[in-house]
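# Coordinates in review
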Amino acid sequence: MADMSPLFRRAAAKSSPDRLVTLIGKPDCHLCDDAQIVVEKVCDELGVPWELKDINQDPQLHDQYWEQIPVVLVDGAQHTFWRVNENRLRKALTG
């Protein structure tokens, strides 16, 4: 963390180890691939764990989100869908 900018060090210190980002998507989905890049980047920077769930493997997720994928949940609550904004996700995890 010593080589991070002060801005990122502050953000990492604010993030809680209890946080969890969930990306709900499906294989062969270009928006899902784009979302994963953003989620990986932000979560790696902040030390926040994240998980990927395949909407095709979970009927409940499919029924709830099939028109919105990719969907990002922060701590189980829907944060965004279709396009993930890096700054908005970072703010949600550090604010």
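## A few points about the environment of Leu 73
Take Leu 73: it is sitting in strand S3 (residues 71–74). Overall, Leu 73 belongs to the buried group, its relative accessible area being 9%. With 23 residues separating them in the primary sequence, Leu 73 and Trp 50 have C-alpha atoms 9.6 Å apart. With residues up to four places along the chain from it excluded, the contact list for Leu 73 reads Leu 20, Val 21, Thr 22, Ile 24, Tyr 65, Gln 78 and His 79.

## Regarding the state of the cysteines
This structure, assessed with the given rule, holds one disulfide. Put simply, Cys 29 and Cys 32 are joined by a disulfide, and their sulfur atoms are 2.4 Å apart. Measuring handedness by torsion sign, the sulfur bridge of Cys 29 and Cys 32 sits at about 70° and is right-handed.

## Focus on the sheet that holds strand S1 (residues 21–25)
Spatially, S2-S1-S3-S4 is the arrangement adopted by the four strands of the open sheet, whose pairing is mixed. The sheet is open, and its two edges are formed by strand S2 (50–54) and strand S4 (77–81), each paired on a single side. Neighbour-to-neighbour, the strand axes of the sheet open up by a mean angle of 25°, direction not taken into account. Bridging between S1 and S2 involves five bridges; their strand directions are parallel. Opposite Ile 24, over in S2, you have Lys 53 as the bridge partner. The sheet contacts of helix H4 (residues 86–94) involve S1, S3 and S4, and relative to S4 the element is tilted by about 165°.

## Some remarks on the pattern of salt bridges
Here the structure, examined in full by the defined rule, presents five salt bridges. Taking the shortest distance from any N to any O, the salt bridge between Glu 51 and Lys 53 comes out at 3.9 Å. What makes Glu 51 partly exposed here is its relative accessible area of 28%. In this structure, Arg 90 engages Glu 86 in a salt bridge whose closest nitrogen and oxygen atoms are separated by 2.9 Å. A residue pair is termed a helical-turn pair when its members lie 3 or 4 positions apart in one helix, as Arg 90 and Glu 86 do in helix H4 at four residues.

## Considerations on the packing of aromatic side chains
One pass over the full model with this rule turns up one aromatic pair. Measuring from ring centre to ring centre gives 4.7 Å for Phe 81 and Trp 82, while their planes differ by 70°; the resulting arrangement is edge-to-face. Classification of Phe 81 by relative accessible area gives partly exposed; the value is 31%.

Reading the values: rules and limits
Residues numbered from 1 in each chain as written. Predicted model: local features only at pLDDT ≥ 70, side-chain atom pairs only at ≥ 80, totals over all residues. Heavy atoms only, no water. Helix = DSSP H or I, 4+ residues; strand = E, 2+ residues; numbered from the N terminus. Buried < 20%, exposed > 50% of the residue type's maximum accessible area, 1.4 Å probe, protein only. Contact = heavy atoms within 4.5 Å. Disulfide = S-S within 2.5 Å. Pairing = 2+ DSSP bridges. Axes fitted to C-alpha atoms, helices over the stretch in contact; angles between N-to-C directions. Salt bridge = Lys/Arg side-chain N within 4 Å of Asp/Glu carboxyl O. Phe/Tyr/Trp six-rings, centres within 6.5 Å; stacked < 30°, edge-to-face > 60°.

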